[in-house]
Amino acid sequence: EFLLLHRTGMALRKAGDFQKALAHFNKARDVAASVGFRSLEAWAGCDAGNALRQLRRFEEAIAAYRRAGEGAGGLGLGRLAESARFDLAVCQAEAGELEHAERAFLWALERGGDDSPTDRATDWYWLGTVRHQRGDYPGTLEAAESGIAALGEIKDPEVRLPLLVLRGEVLMVTGQLR
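Given the structure is predicted, the values throughout are model-derived calculations rather than measurements.

(A) Here's a closer look at the environment of Ala150. Looking at the secondary structure, you find Ala150 in helix H8 (residues 137-151). For Ala150, a relative accessible area of 24% gives the class partly exposed. For the pair Ala150 and Asp119, spaced 31 residues apart in sequence, the C-alpha separation works out to 9.1 Å. Those residues in contact with Ala150 that sit more than four places away from it in its chain are Pro117, Arg120, Ala121 and Trp124.

Spelled out as structure tokens, the structure:
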């Protein structure tokens, strides 16, 4: 039952029906909790947070991410806890909580670890986005260029293109691109 509810929620989210997706994620989370599958409960909680973020219900999304991250961390599910922390920081950035978001992205980049180049580039992108919102153009440019460098030879347009656009915006705003 969990998988059916969760997968339906994923399909609805992909189709842009975030309210129905949220209902499915919440039901999936309840099913997982009722049978003691805490890992699935945290997973559905992260996805519920994503639907709430898409609905721009930031306070509820932040609470969902925190709950999911704490649950995953308590279970020793490092990758899921890390995903919840990343989603929380993105949500904070979108909600205008720039200081919290910036600290989270800096922490992730300083921690490093076994992150893939695309994960590091994505952290650099979001750090640059936060700095851009603050009007810190040198910091934004540094983040965008660091993200591009982190990708190396990886040509993934889903990650590379936003970094290039962010870099271009800063160069235009500061008059360095003509």
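(B) A nonpolar patch on the surface, seen in detail. A cluster of nonpolar residues, Leu161, Leu164 and Val165, forms a patch on the protein surface that exposes about 260 Å² of accessible area. Along the chain, Leu161 falls in helix H9 (residues 157-173).

(C) Just the packing of aromatic side chains, in detail. Within this structure, the stated rule accounts for four aromatic pairs. With a centroid separation of 5.8 Å and 45 degrees between ring planes, the pair formed by Phe2 and Trp43 is classed as tilted. In this pair, Phe2 is assigned in helix H1 (residues 2-14) and Trp43 in helix H3 (residues 38-54), connecting sequence segments 41 residues apart. With a centroid separation of 6.4 Å and 20 degrees between ring planes, the pair formed by Phe105 and Trp126 is classed as stacked. Of this pair, Phe105 sits in helix H6 (residues 98-111) while Trp126 sits in helix H7 (residues 117-134); the two residues are 21 residues apart in sequence, bridging distant segments of the chain. In this structure, Phe105 and Trp126 share a single accessibility class: buried.

(D) Representation of the nonpolar core. Core analysis: the biggest nonpolar cluster contains 14 residues, and Leu22, Phe25, Leu52, Ala61, Tyr65 and Cys91 have the highest contact counts within it. Residue assignment for this core shows that the elements contributing at least two residues are helix H2 (18-34), H3, helix H4 (58-74) and helix H5 (78-94). Top element by residues in this core is H4. It accounts for five residues. Apart from the residues within four sequence positions on either side, Tyr65 is in contact with Cys46, Gly49, Asn50, Arg53, Ala84, Asp87, Leu88 and Cys91. Counting residues in each nonpolar core, the second largest holds 12 residues, with Ala89, Trp124, Trp126 and Ala143 among its members.

(E) Quick peek at the environment of Gln92. Its location among the elements puts Gln92 in helix H5. A residue is classified by how much of its surface remains accessible, and Gln92, at 4% relative accessible area, is buried. In this structure the C-alpha to C-alpha distance between Gln92 and Glu102, which are 10 residues apart in sequence, comes to 9.1 Å.

(F) Seen up close, the side chain of Asn50. In this fold, Asn50 is placed in helix H3. The residues touching Asn50, leaving out its near neighbours within four places in the chain, are Arg13, Tyr65 and Asp87.

(G) Spatial organisation of the pattern of salt bridges. Following the criterion strictly, the structure yields 13 salt bridges and no others. Where Arg79 meets Asp119, a salt bridge forms, and the shortest distance between an N and an O atom there is 3.1 Å. With Arg79 in helix H5 and Asp119 in helix H7, the pair connects residues that are 40 residues apart, well separated along the chain. The partly exposed category is assigned to Asp119, whose relative accessible area is 26%. Here Arg85 and Glu82 are joined by a salt bridge, their closest N and O atoms 2.9 Å apart. Of this pair, Arg85 and Glu82 are both found in helix H5, three residues apart, which corresponds to roughly one turn of the helix. For Arg85, a relative accessible area of 38% translates into the label partly exposed. Here the salt bridges share partners, and the residues they tie into one network are Glu102, Arg131, Arg134 and Glu142.

Criteria and thresholds
- Residues numbered from 1 in each chain as written.
- Predicted model: local features only at pLDDT ≥ 70, side-chain atom pairs only at ≥ 80, totals over all residues.
- Heavy atoms only, no water.
- Helix = DSSP H or I, 4+ residues; strand = E, 2+ residues; numbered from the N terminus.
- Buried < 20%, exposed > 50% of the residue type's maximum accessible area, 1.4 Å probe, protein only.
- Contact = heavy atoms within 4.5 Å.
- Patch = residues over 30% accessible without salt bridge, like charges linked within 9 Å, V, L, I, M, F, W, Y side chains within 5 Å.
- Areas by Shrake-Rupley, 256 points an atom, 1.4 Å probe, with all protein chains shown as cover.
- Salt bridge = Lys/Arg side-chain N within 4 Å of Asp/Glu carboxyl O.
- Phe/Tyr/Trp six-rings, centres within 6.5 Å; stacked < 30°, edge-to-face > 60°.
- Core = buried A, V, L, I, M, F, W, Y, C linked by side-chain atoms within 4.5 Å.

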